[in-house]
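The residues making up each chain are set out below.
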Amino acid sequence: MAKRLLDFRDATAIAGVGYTPFTRDSGVSTLTLACRAVLAALDDAGLTADDVDGLATHRVGDSAPPTLVGPALGLTDLSWHLDQFGGGSVSHAVVGQAALAVAAGLAETVVCYRAINARSEFRMGGTGRGVPASPEVQYQAPYGYVAPPQQYAMYARAHMLKYGTKAEHFGQLAVTQRANAAKNPRALMRTPITLDDYLASRWIAEPFRLLDCCLETDGACAVVVTTAERARSLHRPPVLISAAAWGGGTSHLSCEDPAVTAAAELAPRLYAQAGLGPGDVDVAEIYDCFTYSVIVQLEDYGFCAKGEGGPYVASGATALDGPLPVNTHGGFLSEGYVHGVNHIAEAVSQLRGDAGDRQVPGAEVALSTAQPGYILPATSALILRRA
Amino acid sequence: MVVYRPEPDRDSREWWERIARHEFAVQCCDACGTTRFPARAFCPACRTEAWHWQEVDPEGRVESWIVNHQPFMPGAREPYVVVMVRLAAVPGCVVYGNWHGRRPPEPGERVRASYSRIDESLSLVNWEPVDG
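All of the points below concern the structure found in this document.

Now for the overall build of chain A. Scanning chain A from terminus to terminus reveals 12 helices and 11 strands. Against the globule reference of 21 Å for 387 residues, chain A gives a C-alpha radius of gyration of 19 Å, in line with a compact fold. Taken over the C-alpha atoms alone, chain A extends approximately 50 × 45 × 45 Å along its principal axes. In chain A, which comprises 387 residues, the share counted as buried stands at 63%. Surface accessibility of chain A: about 13000 Å² in total, with carbon and sulfur atoms responsible for 53%. The averaged location of the 38 negative side-chain charges in chain A is 1 Å from the averaged location of its 28 positive side-chain charges.

Bringing the side chain of A:R230 into the picture now. Residue and element names in this part refer to chain A. Along the chain, the position of R230 falls in helix α7 (residues 228–232). Within the structure, the side chain of R230 is placed 2.4 Å from the side chain of T109, a separation counted as a polar contact. If we skip the residues at most four places from it in the chain, R230 touches L47, D51, E108 and T109.

Moving on to the sheet that holds strand β2 (residues 54–59) of chain A. All names here are of chain A. Strand order across the open sheet formed by 9 strands is β3-β2-β4-β7-β1-β8-β11-β10-β9, with mixed pairing between neighbours. This sheet does not close on itself; its edge strands, each paired only once, are β3 (80–85) and β9 (283–285). The mean angle between the axes of side-by-side strands here comes to 25°, regardless of whether they run parallel or antiparallel. Pairing analysis gives 9 bridges linking strand β4 (residues 109–117) to strand β7 (residues 218–227), with the strands arranged antiparallel. Across the sheet, residue N117 finds its bridge partner in β7, namely D218. Against the sheet, helix α12 (residues 341–352) touches β1 (12–19), β2, β4, β7, β8 (239–247), β9, β10 (365–369) and β11 (379–386), its axis set at about 110° to β1.

Okay, the state of the cysteines next. For the structure on display, the rule yields 0 disulfides over all chains. You can see B:C43 has no disulfide; the closest cysteine sulfur is in B:C32, sitting 3.7 Å from it. The buried category is assigned to B:C43, whose relative accessible area is 1%. Left without a disulfide partner, B:C93 is nearest to the cysteine sulfur of A:C255, which lies 9.0 Å away.

Bringing the packing of aromatic side chains into the picture now. Residues and elements named next belong to chain A. Considering all chains together, one arrives at 20 aromatic pairs over all chains under this definition. Members of the aromatic cluster, joined through ring pairs, are Y152, Y155, F170, F208, F290, Y292 and Y374. The ring of Y19 has R186 lying over it, and the distance from NZ or CZ to the ring centre is 3.8 Å.

Criteria and thresholds
- Residues numbered from 1 in each chain as written.
- Chains lettered and ligands numbered in written order.
- Predicted model: local features only at pLDDT ≥ 70, side-chain atom pairs only at ≥ 80, totals over all residues.
- Heavy atoms only, no water.
- Helix = DSSP H or I, 4+ residues; strand = E, 2+ residues; numbered from the N terminus.
- Rg over C-alpha atoms; globule rule 2.2 N^0.38 Å.
- Buried < 20%, exposed > 50% of the residue type's maximum accessible area, 1.4 Å probe, protein only.
- Areas by Shrake-Rupley, 256 points an atom, 1.4 Å probe, with all protein chains shown as cover.
- Lys, Arg positive; Asp, Glu negative; His and termini not counted.
- Charge placed at Lys NZ, Arg CZ, Asp CG, Glu CD.
- Polar contact = N/O pair within 3.5 Å; in protein donor to acceptor, adjacent residues only side chain to side chain.
- Contact = heavy atoms within 4.5 Å.
- Pairing = 2+ DSSP bridges.
- Axes fitted to C-alpha atoms, helices over the stretch in contact; angles between N-to-C directions.
- Disulfide = S-S within 2.5 Å.
- Phe/Tyr/Trp six-rings, centres within 6.5 Å; stacked < 30°, edge-to-face > 60°.
- Lys NZ or Arg CZ within 6 Å of the ring centre and 35° of its normal.

By themselves, these figures tell us nothing about what the structure is for.
Quick look at the structure:
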């Protein structure tokens, strides 16, 4: 057992969140989007760029790194930065690493951001630009197997075959999240849908329909990480980072069971770090690149038994008035796709109590999760707590 | 004609050369005998670097499949099916290919490789049912 070097739990906090508008064509560079979101988050926290000594992001070669954003905002003496390669699976790892840097004293105020023109410039998968360069691509792309909706549909069917998960379960999740988005002024898709609308939406890659898939979004989102002590002196209610955990995952070519994710292995470590369990979570923002992604994570994070994610969602458990409100902002399916950071920011809003019409009354503990490790063998998650 | 021609790397080149001759081989660890795919330097079970190619029956079972309606592959006849096949010879390993059955795949059914010759240096590995 390694010596415990750092008392991490609740040592750091998120002091502010910031957004650009979510659109389908921002008309500006990812550098511009990043700067706008960083400044918005600082403004929310009651800080200025002069207070910043760290910047962090994740990207897949499609956005502005801290080494561009820093100088663009006149920040030429950052004491810490992180340019994490990776997709949504590392989104929460970025904030976790920023919290570690702050807890260790390498920096005091780190802004974590993700800026993305995922509709107008760099679309994910093989449909908008060349297929991504990974040695595993050679075994998939020649067969026309190139894009995330295909890969997730493949795993979703494996879950359907093993556990009897149904299209109606996926559909109920999409309907529930759209209902949440209807109460979110930021959301791109706010018109309510029905299960019939879901079932009538066109096939993308069976078993996935259009309404199983997240939006492709232009936009940026940022959160300010600082010490819990400093956050208490700022003008927003601080949201403590109680736990941050990292996990492995499966490769496209090697997996023992495609119906289970790396979250199952990560979750016990995450909960132990926070000293909490799934029963303590008041609201969960769960990575929803596709409907199935939420259903499998509800199981793997321990909110229901393995294989019961579909019926759990169909029971209404994840609705705003259910026992575990999930993706209260509408998620990537209906708010917009900012690669994980907008899930963290929504969790912060819920815990501060400023989520407006979609506020979960009295929310004290939130789980926010990353892509659960299907496409890149990595995942990450945070537990946040109202101070 | 292939839209996305595979780009072999230094680990995988010989595997593709064998596939072009319709030989289905995987790596086998010299120390512990564990088979592995795709080609990598080290045995993930015992971390030994020494290995040899081992020809295996190109067979497996259908673990999942998708039916593609979106034009993910320009020019493909749609809808086209991609299957996920668990290789019989390499536990823990799944591979992908197009479905060459006359009917839809069935869960767990036995399948074997159906080679598609593109040109003299490239064949692709697709999958067809063992039981018609």
